[in-house]
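# Results of the structural survey
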Amino acid sequence: MVALSQSSAAGVLALLFDPEPLLKQYALKSLNSLVPQFWAEISEHIALIESLYESEELPQEAHDQAALLASKVYYYLGEYDEALSFALGAGSAFEADSRTPGTEEYVETVVSKAIDRYIQSRTAEQAGDGKIDPRLQGIIEGIFRRCIEDGEFRQAIGIALESRRLDVIKHIYEQTQDTSLLSYAMEAVLDTAFPLAYRDQVLKFLFPLFPAPTSEAKSPHVYSLTRILVTLNSPEMTINFLNTLVPGQKLLAYQFAFDLVEGGSQDYLEAIRKGLPEGNEESKPIYDQLRKILLGQESIKLYLEFLKRNNKVDMLILKNTKDALEPRSSIYHTALTLQNAFMHAGTTSDVFLRENLEWLALANNWSKFSAAAAIGVIHKGHFQESMNILGPYLPAQGAESSTGSTAYSEGGALYALGLVNAGCGSGQEVENYLRNLLKNSASEVVQHGAALGLGVAGMGGKSAEAYDDLKQTLFTDSAVAGEAAGYAMGLIMLGTADQTSAEEMLTYARETQHEKIIRGLAIGLALIFYGRQEEADDMVKLLMAEKDPILRYGGVYTLALAYAGTSNNAAIRQLLHVAVSDTSDDVRRAAVTSLAFLLFKNPQQVPRIVQLLSESYNPHVRCGATLALGIACAGTGLQDAVDILEPMTRDSVDFVRQGALIALGMILVEQSEASSPSLASTRALYAKIVSDKHDDPMARFGAALGQGLIDAGGRNVTISLQSRAGSRNTSAIVGMVLFCQFWYWYPLAHCACLAFEPTGIIGLDENLKAPKFEFVSNARPSLFAYPSPMKPPKKEAVTKVATAVLSTTAKAKAREKRKAAAEGETMATDDKKDGDVEMKTGETSARNEDVSPISLTEGTSTPSKSRKSEPAFEKLSNFSRVTSAQLAYITFPPESRYQPVRVVSTRPPPTSSKNGKSPAAAALAAERSAGGGGILIMVDTRPGEEAEYIEFETQAAVPAAGAAPAAQNPPATTPGRHIALDENAPEADPPESFEYPFDNDT
């Protein structure tokens, strides 16, 4: 018998009017199951249902059923707040109903509303306003219980963080003892937009819950502890933690010190150094070693050595670009200067400059400034020898520049001095040197260089004296010097949110007439509010309401830097609104570019967000989209981003093409041909555009910069806005913000080198010496190999071209042939000529046949053989390049003498396809930083044996007895001196000549 479907709820509703309480109770229970079908009909009696809920005649169970029925009706009416209120009144009936099939959507909606209301109530309660409804508390407790029973710990932690229930996190950890859950809570609070005060409260709560790390256990939560310490920026907390590791876990203490140097600000590290105790006889040498590491210079020296040893710059690329670009054009001269600087950044190799002194001498005015500054990028980190290297270009002591052109090389050298000392100049001798020159120089170009150098060297140092000197330079109202002073003031006071400084800078920006100064101050203001989140909201509101578009431009960057790396939805929404609504093209471009600074921790989201903007009718918005993709997806090889950028390299507007070419270089840095299918085509595109003399100068400029970025740092650096531990990489973010200003001022493009992150494994023992050891990369060598170097063009023999023959001549020859044949004579000469033309084809084919065995061996069989026989792993030695995607494949054999004190990477190796190509895995490698690589402290498992150490190539050079006087064209007048890193080091001999044994080829 088939059950009849019910067509109306009228019969059951009639029972609600019956005086018998039992019938009313039955009706309420029955209607609960009918609501999804007849909610419209039932809603006409909602007043009666509410009165039954409040009636005292009915038992408690009927009350709960009436409340649940009312809640469901309001849910279907779309009144979710009312639905929640009645669900709270339903008590046990709601909990029982949540297990009934068919009610999942209703329960889910009510629960999410309950969580939202609970979060609001908890926030209000903590602020001292009102109390929480105990019924709501009961529902939330039930949710926590259910999550824990079902093993959904992360969901429970998410709700606990939002509702400020830290006790729940502690309860979950005590129950599971899983440190990855604590790390998840830390990442959640750091990478989403929680208020600063609450964020710090959570981090201080989580830190003691982590178990004490030990080198034996290789605790993976070492990265989380480092990130918490760097974020809290609390010297006292850090000192107490380091004290717990000394002397028992001294190697781990050294490892933490190196990791803190990577993410910590200069003033924070200095405070730790001063606060560390002297220690007793046993611990004193350990504390002294920690102070040495925390100075930051030890790390810089090691990375300098790494970049110098592994330098794989392809000089032929530079040579081809130099030959293609007209050197007398300042834009092309600057393009090649920047390309060379990026490719050799930190390698201390200035071979290209020494071999092309005539080209270098063609620089004039600001091109000369950029060329001198490029030496600072090349020698970045070689702070010990900075005064010797730059000696010939620096202003002579006590003497003012004699000619105007010399001032440019002197200003550039001062900027270079800052770049060499970037990140370690605060409070050092170089800061005093630059301050004195800033005060005493009368040339605005020299002041410009000194101010930029002072800002970069003293970044985040908060030096009041340096700030005051820069302020005095600003008040001279010189456009050139004032612009640099504006940038530098922001760099010195980076992340302080100092109201006095901000008000001074904003007031002066409103008063001055110079656009350059306004722009410098606008970006300076953004730097002051770096990482301050909601503390910057008032300043952002103020700047975005300004009539001057340059100040609104500053407001966009202030918003981006304040919420850098947080993926804050409100900030993203505001930037997208500005990107489509502002009246100034510059502001719109900056708003789109700034999305990268908010989203760099989730690079896979950026292509989706800027997809539509990249198709905008406004070329400035399209240009902003290219840089947003480049900066956010830098070093990931993300194919989605490349797919958007490739069509933009053919855009009709030159500066959009320029942006796309630069962005491709950033994304594909350190990618191999096996991991990224677009690498070879992008390199070919760069070469084509650079060599095309009819292409737009801006596009050729972009292609040259792209070539520099794709091979940056001798092909041994990536571009990363987050440190290995996962915290924000301050100098990289600042460097990229300043790089984006190249639109207005080319010398600022040099600051991109601040974002270059060396990728290698540098192992040190307890004495901070580098022993020789090997480790294993469990991936095919080709997947992470260096790109193959360019081959020079083959010198082909000039072939004789067949002479064009007129038809009349051919007819005449044919007649002569027939006549000669009839007479029995031979036309030897003509036959020979015709034979030449025919034999050319024959010769070619013969030549091809001769060569074909070799070409087949080289071109066909070798790759297929190598593809089959290529090993599945390779052994690497200490100081080898290991890319960020490769870290997941690195292991140290158990029998190896040296073992790291912490895990190399917390990320498991991605599962790749059979052919081994896993660009997606490589691309998403940077989605979440799992730490790894860099400087590793190694445990010596066989300390009794004699160790073999690596000899460092970068030795301190003997200071020059007297610096050469600054000349008008310093590079040209000092051909063999002061460009080489170490003048006393013997040059390598050229390889001996040899003949290739072709006969032995098979």
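Right, let's get into the overall build of the protein. The helix and strand inventory of the protein stands at 47 helices and nine strands. Across the 1002 residues in the protein, those meeting the buried criterion constitute 55%. Contacts spanning at least 24 positions in sequence make up 76% of the contacts within the protein whose residues lie at least 6 apart.

Bringing the nonpolar core into the picture now. By size, the foremost hydrophobic cluster in this structure holds 292 residues, and its most contacted members are Ile42, Phe94, Met736 and Phe739. Residue contacts for Met736: discarding those within four places in its chain leaves Phe597, Ile631, Met666, Ile719, Leu721, Ala752 and Ala755. The next biggest cluster of nonpolar side chains, apart from the first, holds 12 residues, and it includes Leu876, Leu887, Tyr898 and Val904.

Moving on to the packing of helix 32 (residues 537-544) against helix 33 (residues 549-562). Here helix 32 crosses helix 33 at 155°, and the two axes come no closer than 8 Å. The angle between helix 32 and helix 33 falls in the class roughly antiparallel. Seen along the crossing, helix 32 lies across helix 33 with a hand that is left-handed. In this structure, helix 32 uses Met539, Val540, Leu543 and Met544 to contact helix 33, whose residues at the interface are Leu551, Arg552, Gly554, Gly555, Val556, Thr558 and Leu559. Looking at the contact of helix 32 with helix 33 residue by residue, the class counts come to seven nonpolar, three polar and one charged.

Let us look at the pairing of strand 3 (residues 760-764). For strand 3, a buried count of five out of five residues is recorded, marking the element as mostly surrounded by other parts of the structure. The two faces of strand 3 match: Gly760, Ile762 and Leu764 on one face and Ile761 and Gly763 on the other face are all buried. Summarising the sheet, strand 3 and strand 6 (residues 880-881) pair through two bridges and their orientation is antiparallel. The residue bridging Ile761 from the neighbouring strand is Ser880, located in strand 6. Relative to strand 9 (residues 934-940), strand 3 is paired through four bridges, and the arrangement is parallel. Within strand 9, the position partnered with Gly763 by the bridge is Leu936.

On to the sheet that holds strand 8 (residues 898-900), then. On the basis of which strands lie adjacent, the open sheet formed by four strands has the order 6-3-9-8 and mixed pairing. Bordering the open sheet on either side are strand 6 and strand 8, each of which pairs with just one other strand. Of the strands in this sheet, strand 3 and strand 9 are in contact with helix 15 (residues 250-263), which crosses strand 9 at around 175°. The sheet contacts of helix 18 (residues 297-309) involve strand 3, strand 6 and strand 9, and relative to strand 3 the element is tilted by about 125°.

Within this structure, the stated rule accounts for 31 salt bridges. Between Glu298 and Lys301 there is a salt bridge, with its nearest N and O atoms 4.0 Å apart. In this pair, Glu298 and Lys301 both sit in helix 18, three residues apart, roughly one turn of the helix. Judged by relative accessible area, Glu298 falls into the buried class, the value being 13%. Take Lys301: its relative accessible area is 30%, and that puts it in the partly exposed class. Linked through salt bridges whose partners overlap, the residues forming this network are Glu278, Lys284, Asp288 and Arg291.

Glancing now at the sheet that holds strand 7 (residues 890-891). The strand order across the open sheet built from three strands is 5-4-7, with neighbouring strands paired in antiparallel fashion. Each of the sheet's edge strands pairs with one partner strand only, and the pair in question is strand 5 (874-877) and strand 7. With four bridges connecting them, strand 4 (residues 774-777) and strand 5 associate as antiparallel partners. When the bridges of strand 5 are listed, Glu774 appears paired with Ser877.

Within the secondary structure, Asp259 is located in helix 15. Setting aside anything within four residues of it in sequence, one finds Asp259 in contact with Val222, Thr226 and Arg902.

Looking now at the packing of aromatic side chains. Two numbers describe a pair of aromatic rings. These are the distance of the centres and the angle of the planes. The tally for this structure, following the rule as stated, stands at 26 aromatic pairs. Look at Tyr553 and Tyr744: their rings are 5.7 Å apart centre to centre, the planes differ by 85°, and that puts the pair in the edge-to-face class. Within this pair, whereas Tyr553 is found in helix 33, its partner Tyr744 is found in the loop between helix 43 (730-739) and strand 2 (756-758), the two being separated by 191 residues in sequence. Using a relative accessible area of 3% as the deciding quantity, one classes Tyr553 as buried.

In this fold, Leu748 is placed in the loop between helix 43 and strand 2. The spatial distance from the C-alpha of Leu748 to the C-alpha of Ala484 is 9.8 Å, given a sequence separation of 264 residues. Apart from residues no more than four positions distant in its own chain, Leu748 is found in contact with Tyr415, Leu452, Tyr487, Leu738, Phe739 and Gln741.

Quick look at the packing of helix 26 (residues 429-440) against helix 27 (residues 444-457) now. Two elements in contact, helix 26 and helix 27, have axes whose closest approach is 9 Å; the angle formed by their N-to-C orientations is 150°. Comparing the axis directions of helix 26 and helix 27 gives the class roughly antiparallel. In this structure, the crossing between helix 26 and helix 27 has a hand that is left-handed. Residues Glu431, Leu434, Arg435 and Leu438 of helix 26 lie in contact with helix 27, whose contacting residues are Gln447, Ala450, Ala451, Gly453 and Leu454. Of the residues contributing to the contact of helix 26 with helix 27, the split by class is five nonpolar, two polar and two charged.

Helix length check: helix 40 (residues 679-691) (13 residues) gives 19 Å between terminal C-alpha atoms against 18 Å at 1.5 Å per residue, within 8%. Among the structural elements, helix 19 (315-324), helix 38 (639-648), helix 39 (654-667), helix 41 (697-710) and helix 42 (712-715) are those in contact with the buried residues of helix 40.

A large share of strand 9 lies buried, amounting to five of its seven residues. Where strand 8 meets strand 9, three bridges bridge the pair, whose relative direction is antiparallel. Looking across to strand 9, one finds that Gln899 is bridged to Val939.

Here we take up unusual backbone geometry. Notably, Ser567 is not glycine yet its phi reads approximately 55°, a positive angle. By secondary structure assignment, the location of Ser567 is in the loop between helix 33 and helix 34 (569-581). Owing to a relative accessible area of 16%, Ser567 belongs among the buried residues under this scheme.

Tracing the backbone through its elements, the reader meets Thr226 in helix 13 (residues 222-232). In this structure Thr226 touches Phe256, Asp259, Leu260 and Ala725, once residues within four positions along its chain are discounted.

Attention shifts here to the state of the cysteines. Taken as a whole and assessed by the stated rule, the structure comprises zero disulfides. Of all cysteine sulfurs in the structure, the one in Cys740 sits closest to Cys623, which takes part in no disulfide; the separation is 9.5 Å.

On to helix 12 (residues 196-206). All buried positions along helix 12 are accounted for by Leu196, Tyr198, Arg199, Val202, Leu203 and Leu206. Projected onto a plane normal to the axis of helix 12, the buried residues spread over an arc of 165° and lie on a single side. For helix 12, the secondary structure elements touched by its buried residues are helix 9 (153-162), helix 10 (166-176), helix 11 (179-191) and helix 13.

What follows deals with the environment of Thr593. Position of Thr593 among the secondary structure elements: in helix 35 (residues 585-599). For Thr593, a relative accessible area of 3% corresponds to the buried category. Along the sequence, Thr593 and Tyr557 sit 36 residues apart, while their C-alpha atoms lie 9.3 Å from each other. Not counting residues within four places of it along the chain, the set of residues in contact with Thr593 comprises Tyr557, Gly624, Leu627, Ala628, Ile631 and Cys740.

Take the confidence of the model for the protein next. Averaged over every residue, the pLDDT of the protein is 80; the share at 70 or more is 85%. Across residues 956-985, where pLDDT falls below 50, the model places 60 contacts with residues more than four positions away in sequence or in other chains.

Definitions and limits used
- Residues numbered from 1 in each chain as written.
- Predicted model: local features only at pLDDT ≥ 70, side-chain atom pairs only at ≥ 80, totals over all residues.
- Heavy atoms only, no water.
- Helix = DSSP H or I, 4+ residues; strand = E, 2+ residues; numbered from the N terminus.
- Buried < 20%, exposed > 50% of the residue type's maximum accessible area, 1.4 Å probe, protein only.
- Contact = heavy atoms within 4.5 Å.
- Core = buried A, V, L, I, M, F, W, Y, C linked by side-chain atoms within 4.5 Å.
- Axes fitted to C-alpha atoms, helices over the stretch in contact; angles between N-to-C directions.
- Parallel < 35°, antiparallel > 145°, perpendicular 65-115°, else oblique.
- Left-handed = near helix turned anticlockwise from the far one by under 90°.
- Nonpolar A, V, L, I, M, F, W, Y, C, P; charged D, E, K, R; others polar.
- Pairing = 2+ DSSP bridges.
- Salt bridge = Lys/Arg side-chain N within 4 Å of Asp/Glu carboxyl O.
- Phe/Tyr/Trp six-rings, centres within 6.5 Å; stacked < 30°, edge-to-face > 60°.
- Expected span 1.5 Å × (residues − 1).
- Disulfide = S-S within 2.5 Å.
- Arc of directions from axis to C-beta.
- pLDDT = per-residue confidence, 0-100.

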